[in-house]
Amino acid sequence: MKVTFKDVRLSYDGKTDTLKQLNFTIPDGALVSLLGPSGGGKTTTLNLISGLLPATSGQIFFGDTDVTKQDALQRKVGMVFQNYALYPHLSVRDNIAFPLKMQHVAKAERYQKAEELAKLVHVDDQLNKKPGELSGGQQQRVAIARALAKSPSLLLLDEPLSNLDARLRIEMREEIRRIQRETGVTTIFVTHDQDEALHISDAIMVLNDGRIQQFSTPTQLYDRPENLFVAKFIGEPVINTLPAEKLAADLTNHIDGDILVRAETAGIRSEAIVPNDYGQGVLTQIHASLHQAQKYGREATATLDYQGETLLSTELAGLPRDQSEGDFFLTRAGFFLFDNRGELIYGGDADDQ
Ligand SMILES: Nc1ncnc2c1ncn2[C@@H]1O[C@H](COP(=O)(O)OP(=O)(O)OP(=O)(O)O)[C@@H](O)[C@H]1O
């Protein structure tokens, strides 16, 4: 089901806006993550979609239907929370079938549906057990099956993996992706873990301070961050940032003057600082001193001192340690300029330049 927000605003106290004029469309059949720092508005947005929270103003559409005034039941969404909220005294079979029981679906039919869903989420060998006898991952599978029992318009997941250990989180995020593909149900997933969002989503909505910072594919978020917040929020190691004026001399012959005068901050991804000009994709050359090299497992990082700024690179492994001075190169990919409002004005889109 396609979901559209038109100028949706939410105020909890009637004075300040927690969410400010949200406008977006989530395409039918997509898996979309809501990603952002704590307090950014992810859960509030999810609760507006589900109907648990009424919008202060604006309109919400499911497909072409205006559901702004409908409650959660009328919107027929399936929800999964981080604490699973399974009924401890009911078997797995009865937990999955529970929403159908509430709808007075006949026992044989609801058990048949429960068994089908248990197969889909791979707990069909656990049907007679109680939730307390299952692992965290299995409980989360049951919670997903239960949310799917009513053939919901949308599947909404609020930090569903945060109670699981690191290995299980990775396994379960792949499972959510698989289940979503197999059912085709439009799925909206809240997380503060960018790795999780980047791995499973068709699109990611980055929310901060009640505003959509960017809503695009994972690749675009990384390769073309629309503002400085997204550039800094997405990517590990964190992007290097420095005042653009420090680079002015090294950029003048390579970037239009009218862009350079507006540029306030430069963002340079750690893989965009390379030791050689292989001819392809190099933007400019910089003179810097290499003053440290570190190796953590497979990751090798080096830091450069450039105009009093420390720049981290992941591409300088193998160079002699503490090579005092040298020339290094910045690639076009992974180099960005932002204006004084933090908006992207250069980089990420080779066609524009
Ligand atoms: N019921 C409420 N009443 C008043 N303010 C609230 C309520 N729920 C959330 N808020 C505030 O709204 C803002 C957004 O909260 P929200 O829970 O949507 O953020 P979030 O991105 O989901 O954060 P987290 O990752 O910590 O869950 C926060 O400043 C929060 O304090």
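If you're wondering where the values come from, they're calculated on a predicted model, not measured in any experiment.

**Focus: the site of the ligand**
- The environment of the ligand is made up of Tyr12, Thr18, Gly36, Ser38, Gly39, Gly40, Gly41, Lys42, Thr43, Thr44 and His192.
- Of the residues in the shell around the ligand, the class split is one nonpolar, nine polar and one charged.

**Description of the sheet that holds strand β11 (residues 240-243)**
- A sheet is described by the order of its strands in space; here four strands give the open sequence β11-β12-β18-β19, paired in antiparallel fashion. Two strands close off the open sheet at either side, each with one partner strand: β11 and β19 (344-346). Averaged over all pairs of adjacent strands, the angle between their axes in this sheet comes to 35 degrees, without regard to strand direction.
- For strand β18 (residues 335-338) and β19, the ladder comprises two bridges, and the chain directions are antiparallel. If you follow Leu337 over to β19, its bridge partner there is Tyr346.

**Comments concerning the sheet that holds strand β5 (residues 65-66)**
- With respect to topology, four strands assemble into an open sheet ordered β2-β1-β4-β5, the strand pairing being antiparallel. This sheet does not close on itself; its edge strands, each paired only once, are β2 (19-26) and β5.
- Examined bridge by bridge, strand β1 (residues 3-10) and strand β4 (residues 57-62) share five bridges and lie antiparallel to one another. Residue pairing across strands places Val3 opposite Phe62, the latter belonging to β4.
- Against the sheet, helix α1 (residues 42-50) engages β1, β2 and β4, with an angle of about 120 degrees to β1.

**Remarks on helix α3 (residues 92-102)**
- Those residues of α3 that sit buried are Val92, Arg93, Asn95, Ile96, Ala97 and Leu100.
- Residues of α3 that are buried sit in contact with α4 (107-120) and α5 (136-148).
- Immediately downstream of α3, the backbone of His104 shows phi near 60 degrees, a positive value.

**Examining the nonpolar core**
- Counting residues in hydrophobic clusters, the biggest one holds 90 residues, and the most contacted among them are Ile96, Ala145, Leu156, Ile188 and Met205.
- When residues of this core are assigned to their parent elements, the largest contribution, six residues, is made by α5.
- In this structure, this core is formed jointly by two domains, domain 1 (3-228) and domain 2 (238-352), each of which donates at least three residues.
- Ignoring sequence-local partners within four residues, the contact set of Ile188 consists of Ile26, Val32, Leu34, Leu46, Ile49, Leu154 and Leu156.

**Side note on the domain arrangement of the chain**
- Assigned domains of the chain: these are domain 1 (3-228) and domain 2 (238-352).
- The distance between the C-alpha centroids of domain 1 and domain 2 comes to 39 Å.
- Contact residues are listed per partner, giving six residues for domain 1 and nine residues for domain 2.
- Grouping the amino acids of the side of domain 1 that touches domain 2 by side-chain chemistry returns two nonpolar, one polar and three charged.

**Quick notes on the packing of α5 against helix α6 (residues 166-183)**
- The contact between α5 and α6 brings their axes to 11 Å, and the two run at 20 degrees. With respect to α6, the axis of α5 lies roughly parallel. Regarding α5 and α6, the two cross each other, and that crossing is right-handed. Seen from α5, the contacting residues are Gly136, Gly137, Gln140, Ile144 and Leu148; seen from α6, they are Leu168, Glu171, Met172, Ile179 and Thr183.
- Here the contact of α5 with α6 is built from residues that sort into five nonpolar, four polar and one charged.

**Brief notes about the pairing of strand β8 (residues 187-191)**
- Among the five residues of β8, five are classified as buried, and the element is accordingly described as predominantly covered.
- Both faces of β8 are covered, namely the face carrying Thr187, Phe189 and Thr191 and the face carrying Ile188 and Val190.
- Two strands pair when backbone bridges link them, and strand β3 (residues 31-35) and β8 are joined in this way by five bridges, in the parallel orientation. Along β8, the bridge assignment pairs Val32 with Ile188.
- Once the chain exits strand β7 (residues 154-158) it traverses α6 before rejoining the sheet at β8, and the crossover so formed is right-handed.

Each value, and the rule that gives it
- Residues numbered from 1 in each chain as written.
- Predicted model: local features only at pLDDT ≥ 70, side-chain atom pairs only at ≥ 80, totals over all residues.
- Near = placed C-beta within 6 Å.
- Nonpolar A, V, L, I, M, F, W, Y, C, P; charged D, E, K, R; others polar.
- Pairing = 2+ DSSP bridges.
- Helix = DSSP H or I, 4+ residues; strand = E, 2+ residues; numbered from the N terminus.
- Axes fitted to C-alpha atoms, helices over the stretch in contact; angles between N-to-C directions.
- Contact = placed C-beta atoms within 7 Å.
- Buried ≥ 20, exposed ≤ 12 C-beta atoms within 10 Å, placed from the backbone.
- Core = buried A, V, L, I, M, F, W, Y, C linked by C-beta atoms within 7 Å.
- Domains from an automatic or database assignment.
- Parallel < 35°, antiparallel > 145°, perpendicular 65-115°, else oblique.
- Left-handed = near helix turned anticlockwise from the far one by under 90°.
- Right-handed = clockwise from strand over helix to strand, strands pointing away.

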